[in-house]
Amino acid sequence: NDIIFIHGYIVLYPYLSVAAPFFVRFRSCAFMEIKAAVETNQSEDTDDGLKEYRLRQRKKKRLAELKLQLEQEQDHGKKVKVDHNSKNKRDSGKKEDSLSVHLLTCFVSNEHNGALINFHKAIRRKTLPFTDNFLLHVDSHPDLMVPENLVNADDVYNPDKLYEALETSVSGIAEFITPAIFAGHIHSMGWIRPPWANQIRDGTHSFLVGKQRSSGNLRVSCREPYFADEGFCVKDNDLEDAKRFSLKVAQLQYFSMTKFRPPSPWILDICLDYFTVNNPFLKEYEMKAGKLSCDLLRQVFGLGLKWRQCEEQRISNGPEYAEFDQDTLYQRKEKEVFESLISRIFEKVLEDNSASELSSLVDQLSFRYRNRSSMKPTLLAFVDDLKTKTPDIIKLANTAGEMADLPENLTDQESIDKMIMNLESFLYTCDIPKVVTIARSSSDEFDYTPINQVEEILQLVLKMLKRLWGSIDVEYDPT
C-alpha cells in the first residue's frame, strides 16, 4: 500500500502543485465568509451595544474638544455643564460626571453706553482682564467723546457716578469708551468705519487720555477736529495720571488687506448702525417740519461753511507739540462766530423781532460761507421758513442743525448682507475674543439703527457669530 501511495503521489505531484494555491485561496475565502456571517449575526444581536459604542465615541471626541478649549482659556466666565458619561446609565450604574467649560458671552444692549456696564460685568466674572484689552469697534461713530457730566476724572472708578453721568448726558452713548481707557481697561482700539463715516481721519493716532491738572476733568491730547472742536483737547503736560492710547482708523477692507489681527486679549464691539444709520435729529426735524425745511437746514449747517472747509484741510502732527497750529485756531474761531450768529437768529425769530435786525444778522452770517453770494438767498429763505414754525420746532431746528454732520446712510438689505459677509471673512482670521458686545442703538427717541431693520440685522449678526465661534451665550439688557 505504501508503494502504491508513493507511486500515486509521484504521478499526481505536478497536478497537485498547480491546484494547491487554488485550494488554499478557496479555503481562505470560505473561512472569511463564515467569519463575516458570524460577525453579522453578532452585530444583529448586539445592535444596541454598537449604537452605544458609537455614542460613547462621539462623546469622547466632544469631551476632548472641550478639554482643549478649557486649556486654551485662562479666565473663568459663565459656565455650562457638559455630560461626558461614557456608558449607558442603565448598565453602568455610575454617576454622571461633568466638565465646566466657557461659552463666548455676547452682551446685547439697547444703548451703546450699556457696553461699558458689560465690560465691567465681564471683568467681575474674570472673563475679561482688568487692564490692557484691545477694543475692535465696528460702528458708524467712533464713540470717543469725553463725558461732559463727569465732574472729576477719578469718578471713572466709581461705577454709580460714572453710569449716572452717561445716562444723564445727551451724548452718553458716544462717551463710554474714554472712561474705560483712563481706567486702564482698554489700551488700544481699532475703529472699523463704514464708507460714510469720517469723523476721524484714517491712520494710526497715538495720544494721551488723562486728568486735566487745572480742572480735574477727563481730557485728551489728540488734535483731531473730533476732539478739538469740542474743547476736549489739551497739551500733554496739562494731563496727569495719563494713559497712552493707540487708535487705528480704517474701513474694513484696509484691515483685511493689511492682515490686521486684534492682539489678545480683545473685545469685539459691534453697533448695528454700522450697517445702516439714521441721523435721528434730522429725521425728527424732517418728520415735524417737512422735507423742504429740512433741506434748507442741511444747507445752512452743511459743508459750505468755512469752518467745515478748514476742518477738512487741517493736519495732525502727532501728540507732541508746543502750541496749537494756526489752522486749528482759525477753524475754532470761525466755528464760534457761526454758532453765535445762528443762535442769535434763532432767538430773534422766537422773539418775533423786526425784519431789518434779522436781515443784518443774515448778512453777517453769509460771510461765514465759502460762496457768500449763493448762500445769502438760502439763508433768507431759511429765516422766512423758521418764522412759520412753532417755538418747539424752532428749538428742534437748532438742535438738529448742531447734529447735521452726523453720519447718515440708509442701506438696502442686499448691501447689508454683503457687509456682514465681509465682516465674517475678516473675523474668521482672528482669534476668539474674550467677550462680544452688541448695541442695537435703536429706540423711539434716537433710532440710529432704523427701527424697521434693527431686529433682522441683530439676528444676522448673531448667526454670524455662531458660524464663527460655535455656541454663544447671549445676554440681553433687562431694559
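Here the residue numbers are simple positions, counted from 1 along each chain's written sequence. Note on the predicted model: pLDDT of at least 70 is required for a residue's local features to be given, and 80 or more for side-chain atom pairs to be given and counted; whole-chain, interface and lining totals, by contrast, use all residues. The basis for every side-chain value is the complete set of non-hydrogen atoms in the structure, without hydrogens or water.

So, on to the sheet that holds strand β7 (residues 218-220). One bridge is not enough; two strands pair if DSSP finds at least two bridges between them. Helix and strand definitions here come from DSSP, where helices need a minimum of 4 consecutive H or I residues and strands a minimum of 2 consecutive E residues; each element is numbered from the N-terminal end. Ordered in space as β7-β6-β8-β5-β4-β9-β10-β3-β11, the nine strands form an open sheet in which the pairing is mixed. Each edge of the open sheet is held by one strand with a lone partner, namely β7 and β11 (472-476). Going across the sheet, the axis of each strand differs from the next one's by a mean of 20°, ignoring polarity. Relative to strand β10 (residues 435-439), strand β3 (residues 104-109) runs parallel, the two sharing four bridges. Residue pairing for β10: Val 108 is matched across the bridge by Ile 438. Taken strand by strand, helix α17 (residues 451-469) contacts β3, β9 (266-271), β10 and β11, and its axis lies near 150° from that of β11. Structural elements are reduced to axes, namely lines fitted to C-alpha atoms, with helices fitted over the stretch in contact, and the angle between N-to-C directions of any two is expressed from 0 to 180 degrees. Contact definition: two residues touch when any of their heavy atoms are within 4.5 Å.

Tracing the chain through its elements places Asp 269 in strand β9. Despite being buried, Asp 269 has no salt bridge partner; Arg 440 is the closest side chain of opposite charge, sitting 14 Å away. A polar atom in the side chain of Asp 269 sits 2.7 Å from the side chain of His 137. Definition of a polar contact: a pair of N or O atoms within 3.5 Å, with one able to donate and the other able to accept a hydrogen when the atoms are protein atoms, and with sequence-neighbouring residues admitted only if both atoms are side-chain atoms. Among the polar contacts made by the side chain of Asp 269, one reaches the side chain of Thr 437 at a distance of 2.6 Å. Those residues within four positions of Asp 269 in sequence are excluded, and the remaining contacts are His 112, Ala 115, Leu 135, Leu 136, His 137, Val 138, Phe 176 and Thr 437. With a 1.4 Å probe rolled over the protein chains alone, any residue whose accessible area is under 20% of its type maximum counts as buried; one over 50% counts as exposed, and the rest are partly exposed. Within this scheme the basic residues Lys and Arg register as positive and the acidic residues Asp and Glu register as negative, but His and the chain ends are omitted. Whenever Lys or Arg places a side-chain nitrogen within 4 Å of a carboxyl oxygen from Asp or Glu, that contact is recorded as a salt bridge.

So, on to the nonpolar core. Across soluble globular proteins, you tend to see nonpolar side chains buried next to one another. Residues Leu 144 and Leu 247 are the most contacted members of the largest nonpolar core, which totals 42 residues. When residues of this core are traced back to their parent elements, those giving at least two are α4 (114-124), α5 (159-168), α6 (177-182), β5 (186-193), β6 (203-212), β7, α7 (225-228) and β8 (239-251). The element contributing the most residues to this core is α4, with five residues. When residues no more than four places from it in sequence are discounted, the contact partners of Leu 247 are Leu 144, Met 189, Trp 191, Ile 200, Gly 203, Thr 204, His 205 and Phe 207. We define the nonpolar core as a collection of buried residues of types Ala, Val, Leu, Ile, Met, Phe, Trp, Tyr and Cys that are connected through side-chain atoms lying within 4.5 Å of one another.

What follows deals with the pattern of salt bridges. Taken as a whole and assessed by the stated rule, the structure comprises 21 salt bridges. Note that Lys 376 is salt-bridged to Asp 363, the shortest N-O span being 2.8 Å. Within this pair, whereas Lys 376 is found in helix α14 (residues 372-387), its partner Asp 363 is found in helix α13 (residues 355-366), the two being separated by 13 residues in sequence. With a relative accessible area of 27%, Lys 376 lands in the partly exposed category. Among the ionic contacts, a cluster of salt bridges with common partners joins Glu 286, Arg 298 and Glu 408.

Locating Asn 118 in the fold gives a position in helix α4. Using a relative accessible area of 1% as the deciding quantity, one classes Asn 118 as buried. Beyond its immediate sequence surroundings of up to four residues, Asn 118 is in contact with Phe 107, Ser 109, Thr 437 and Asp 477.

Attention now goes to the environment of Pro 262. Tracing the sequence through the fold places Pro 262 in the loop between α8 (252-257) and β9. Residue classification places Pro 262 among the buried positions, given a relative accessible area of 5%. Along the primary structure Pro 262 and Phe 134 are separated by 128 residues, whereas in three dimensions their C-alpha atoms are 6.9 Å apart. Look past the residues within four positions of Pro 262 in its chain and what remains in contact with it is Phe 134, Leu 136 and Cys 430.

With that settled, consider the packing of helix α10 (residues 291-300) against α14. For any two helices packed against each other, one specifies the crossing angle of their axes together with the interaxial distance. Closest axis-to-axis distance for the α10/α14 pair is 10 Å, and the angle between their directions is 135°. Classed by the angle they form, the pair α10 and α14 counts as oblique. Of the two possible hands of crossing, α10 and α14 adopt the one that is left-handed. Residues Ser 293, Leu 296, Leu 297, Gln 299 and Val 300 of α10 touch α14, and the partners they reach there are Met 375, Thr 378, Leu 379, Ala 381, Phe 382 and Asp 385. Any residue that is not Ala, Val, Leu, Ile, Met, Phe, Trp, Tyr, Cys, Pro, Asp, Glu, Lys or Arg is counted as polar, Gly included; the first ten are nonpolar and the last four charged. Within the contact of α10 with α14, the residues separate by chemical class into seven nonpolar, three polar and one charged. Any angle that falls under 35 degrees is termed roughly parallel, while one over 145 is termed roughly antiparallel, one within 65 to 115 roughly perpendicular, and all others oblique. The hand of a helix crossing depends on one turn: near helix anticlockwise from the far one by less than a right angle means left-handed, and clockwise means right-handed.

Axis separation between helix α9 (residues 280-289) and α10 bottoms out at 7 Å; the angle between their running directions is 140°. With respect to α10, the axis of α9 lies oblique. Here Leu 282, Tyr 285, Glu 286 and Ala 289 of α9 come into contact with α10, specifically with Lys 291, Ser 293, Cys 294, Leu 297 and Arg 298. Across the contact of α9 with α10, the residue classes break down as five nonpolar, one polar and three charged.

Per-chain confidence: the chain averages 81 in pLDDT, with 73% of residues scoring 70 or above. Confidence per residue, as judged by the predictor, is encoded in pLDDT with a range of 0 to 100. Low confidence marks residues 21-31, where pLDDT is under 50. Its contacts with residues over four positions away, or in another chain, come to zero contacts. Here residues 40-46 is a poorly scored stretch, pLDDT under 50, and it has one contact once near neighbours within four places are set aside; other chains count.

Looking now at the pairing of β6. The element β6 is extensively covered by neighbouring structure, given that seven of its 10 residues are classed as buried. Sheet topology places β6 next to β7; three bridges connect them, and they run antiparallel. Bridge pairing in β7 places Lys 211 opposite Leu 218. Between β6 and β7, which pair antiparallel and follow one another directly, the connecting turn spans five residues, one of which, Gly 216, has a positive phi of 80°.

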